[in-house]
Amino acid sequence: MSVTGGKMAPSLTQEILSHLGLASKTAAWGTLGTLRTFLNFSVDKDVQRLLRAITGQGVDRSAIVDVLTNRSREQRQLISRNFQERTQQDLMKSLQAALSGNLERIVMALLQPAAQFDAQELRTALKASDSAVDVAIEILATRTPPQLQECLAVYKHNFQVEAVDDITSETSGILQDLLLALAKGGRDSYSGIIDYNLTEQDVQALQRAEGPSREETWVPVFTQRNPEHLIRVFDQYQRSTGQELEEAVQNRFHGDTQVALLGLASVIKNTPLYFADKLHQALQETEPNYQVLIRILISRCETDLLSIRAEFKKKFGKSLYSSLQDAVKGDCQSALLALCRAEDM
């Protein structure tokens, strides 16, 4: 959802579903992802095809892409285990030896369990990336509570350190408080009951939070309240102050803290649009930001990539599929287009 002119506007996805009579029945579609469980799945046939692709004369990249971008993550894990049992070799290592460049990165990401992929991305961002805040907000704020718990558990197991310890060592101030609160995963669940008093209290708290000693008030509001409540807070804040919340963030905060709060506000208001904006930005760079493209397309292809595609087309006037075709070059293009799935007319 988005806030426009003091009113809550339905998201593009909701508009589409309402016309189809499915606005409150998302389950009727089964998923808003582009990649679904392959119904005629045969793990033996897939293993045989992958073996032929890497042991024949020349690597059959199209076969590898065709198999891995048409199977769900659960099915890909079954393929990996069966490949190991049959050949006594690790599928990831075998494909890593056969491929290179961005296609190799895509295939490695496709074969990893989701929590392992997220943990690696988070670790890389916190330790060796200029985009640490951006990636941390993306992972900590958009994963479900069970997904986040599993990611943090894998993080500790793989790197022998808690993610919160890395956040503490790599950040400071309000930004640190914000990321630690998100990692804690203490956001309220939506009860279906509108608490108007709490909405007014939160709006007043945000308005009063001026000066370094009080700006920390923003952290519990942004990280503990459920998105439905926060949409009302954002709307009421605009009506009370004549200023959108994003403007207040830009005026009061600077640097990474501003980036984090703006990103979090975008996630809260319209998560598919948040991802559409990130994809568009990644495609506008002189050289496409493949790390962002790979992370988003793989992490969202089984959840809400159809919604992201719709928001992308609505805002930028061009489909995500066409944008990928124009910007992405080399062997990895076919893999990213396969995950995107189709053109939006």
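Residues numbered from 1 in each chain as written. Predicted model: local features only at pLDDT ≥ 70, side-chain atom pairs only at ≥ 80, totals over all residues. Heavy atoms only, no water.

**Remarks on the nonpolar core**
Stated formally: Put simply, buried Ala, Val, Leu, Ile, Met, Phe, Trp, Tyr and Cys residues joined by side-chain atoms within 4.5 Å make one nonpolar core. Burial here depends on accessible area, computed with a 1.4 Å probe over protein chains only, as a share of the maximum for the residue type. Under 20% is buried, over 50% is exposed, and the range in between is partly exposed. Residue contacts follow a heavy-atom distance rule, with two residues in contact if any of their heavy atoms lie within 4.5 Å.
If you look at the biggest cluster of nonpolar residues, it comprises 99 residues, and the most contacted ones within it are Leu-95 and Phe-222. Not counting the four nearest positions on each side in its chain, Phe-222 is found in contact with Leu-178, Arg-187, Leu-230, Phe-234, Leu-245, Leu-261, Leu-264, Ala-265 and Ile-268.

**Considerations on the packing of helix H15 (residues 245–252) against helix H16 (residues 255–269)**
Definition in use: Between N-to-C directions, angles cover 0 to 180 degrees, with each direction set by a line fitted to C-alpha atoms, over the stretch in contact for helices. Numbering of helices and strands runs from the N terminus, with a helix taken as a DSSP run of H or I at least four residues long and a strand as a DSSP run of E at least two residues long. An angle below 35 degrees is treated as roughly parallel, one above 145 as roughly antiparallel, one from 65 to 115 as roughly perpendicular, and anything else as oblique. Gly falls in the polar group here, along with every residue not listed as nonpolar (Ala, Val, Leu, Ile, Met, Phe, Trp, Tyr, Cys, Pro) or charged (Asp, Glu, Lys, Arg).
Orientation of H15 relative to H16, taken along the N-to-C sense of each, is 170°, at an axis distance of 9 Å. Between H15 and H16, the angle is such that the two are roughly antiparallel. Across the interface between the two elements, Glu-246, Val-249 and Gln-250 of H15 pack against Gln-258, Leu-261, Leu-262, Ala-265 and Lys-269 of H16. Grouping the constituent residues of the contact of H15 with H16 by class yields 4 nonpolar, 2 polar and 2 charged.

**Brief notes about the side chain of Gln-75**
Where we set the bar: Here a polar contact means two N or O atoms within 3.5 Å. Within protein one must be a hydrogen donor candidate and the other an acceptor candidate, and residues neighboring in sequence count only if both atoms are side-chain atoms.
Along the chain, Gln-75 turns up in helix H4 (residues 73–87). Gln-75 sits in the buried class, given a relative accessible area of 6%. Looking at Gln-75, its side chain comes within polar contact range of the main-chain oxygen of Phe-38, at 2.9 Å. Sequence-distant contacts of Gln-75, that is, excluding residues within four places in its chain, are made with Thr-37, Phe-38 and Phe-41.

**As for the packing of helix H7 (residues 114–128) against helix H18 (residues 290–300)**
The line we're drawing: Crossing handedness: left-handed means the near helix sits turned counterclockwise from the far one by under a right angle, and right-handed means the same turn made clockwise.
Running from amino to carboxyl end, H7 crosses H18 at an angle of 150°, the nearest separation of the two axes being 12 Å. With respect to each other, H7 and H18 are oriented roughly antiparallel. Between H7 and H18 the crossing geometry is left-handed. Between H7 and H18, the contacting residues are Phe-117, Glu-121 and Thr-124 on the first element and Gln-291, Arg-295 and Ile-298 on the second. Class assignment of the residues belonging to the contact of H7 with H18 gives a composition of 2 nonpolar, 2 polar and 2 charged.

**Observations concerning a nonpolar patch on the surface**
In plain terms, the rule: A patch consists of residues whose relative accessible area exceeds 30% and which take part in no salt bridge; residues with like charges are grouped when within 9 Å of each other, and nonpolar side chains (Val, Leu, Ile, Met, Phe, Trp, Tyr) when within 5 Å. Per-residue accessibility takes into account occlusion by the displayed protein chains alone, with areas from the Shrake-Rupley method and a 1.4 Å probe. Here a salt bridge means any side-chain nitrogen of Lys or Arg lying within 4 Å of a carboxyl oxygen belonging to Asp or Glu.
There is a patch of nonpolar side chains on the surface, built from Tyr-190, Ile-194 and Tyr-196 and spanning about 330 Å² of accessible area. With respect to the element layout, Tyr-190 can be found in the loop between helix H11 (173–184) and helix H12 (196–208).

**Thoughts on the pattern of salt bridges**
Two side chains that carry opposite charge are able to pair once their charged atoms sit near each other. Taken as a whole, this structure holds 20 salt bridges when the rule is applied. Residues participating in the shared-partner salt-bridge network are Glu-121, Asp-134, Glu-138, Lys-278 and Arg-295.

**Quick word on the side chain of Arg-232**
Put simply, the test is: By the counting scheme adopted, Arg and Lys are positive, Glu and Asp are negative, and His together with the chain ends is not counted.
Position of Arg-232 among the secondary structure elements: in helix H14 (residues 227–241). For the buried residue Arg-232, which engages in no salt bridge, the nearest side chain bearing the opposite charge is Glu-228, 7.0 Å off.

**Re the environment of Phe-117**
Residue position: Phe-117 is located in helix H7. Spatially, the C-alpha atoms of Phe-117 and Ile-298 are 9.7 Å apart, while their sequence positions differ by 181 residues.

**Quick word on the packing of aromatic side chains**
Stated formally: Side-chain rings of Phe, Tyr and Trp (the six-membered ring for Trp) are treated as a pair once their centres are within 6.5 Å; stacked means planes under 30 degrees apart, edge-to-face means over 60, and tilted covers the remaining angles.
What the rule picks out here adds up to 6 aromatic pairs. Judged by centre distance (5.8 Å) and plane angle (40°), the rings of Phe-222 and Phe-234 are tilted. Separated by 12 residues along the polypeptide, Phe-222 in helix H13 (residues 218–224) and Phe-234 in helix H14 bring together distant segments of the chain. Summarising the burial analysis for this pair, Phe-222 and Phe-234 share the class buried. Here the aromatic cluster, defined as three or more aromatic residues joined through ring pairs, consists of Trp-218, Phe-222, Phe-234 and Phe-253.

**Focus on the confidence of the model for the chain**
Operational definition: As a per-residue measure, pLDDT tells how confident the predictor is, with possible values from 0 to 100.
With 89% of its residues at a pLDDT of at least 70, the chain reaches an overall mean of 89. The low-confidence segment residues 1–9 (pLDDT under 50) makes 22 contacts with residues lying over four places distant or belonging to another chain. Low confidence marks residues 17–30, where pLDDT is under 50. Its contacts with residues over four positions away, or in another chain, come to 12 contacts.

**Side note on H11**
The following threshold applies: Expected helix span is given by 1.5 Å per residue-to-residue step, counting one fewer step than there are residues.
With 12 residues, H11 extends 17 Å from end C-alpha to end C-alpha; this agrees with the ideal 16 Å at 1.5 Å per step. Those residues of H11 that sit buried are Ile-174, Leu-175, Gln-176, Leu-178, Leu-179, Ala-181, Leu-182 and Ala-183. Those residues of H11 that are buried lie in contact with helix H8 (132–142), helix H9 (145–159), helix H10 (163–170), H13 and H16.

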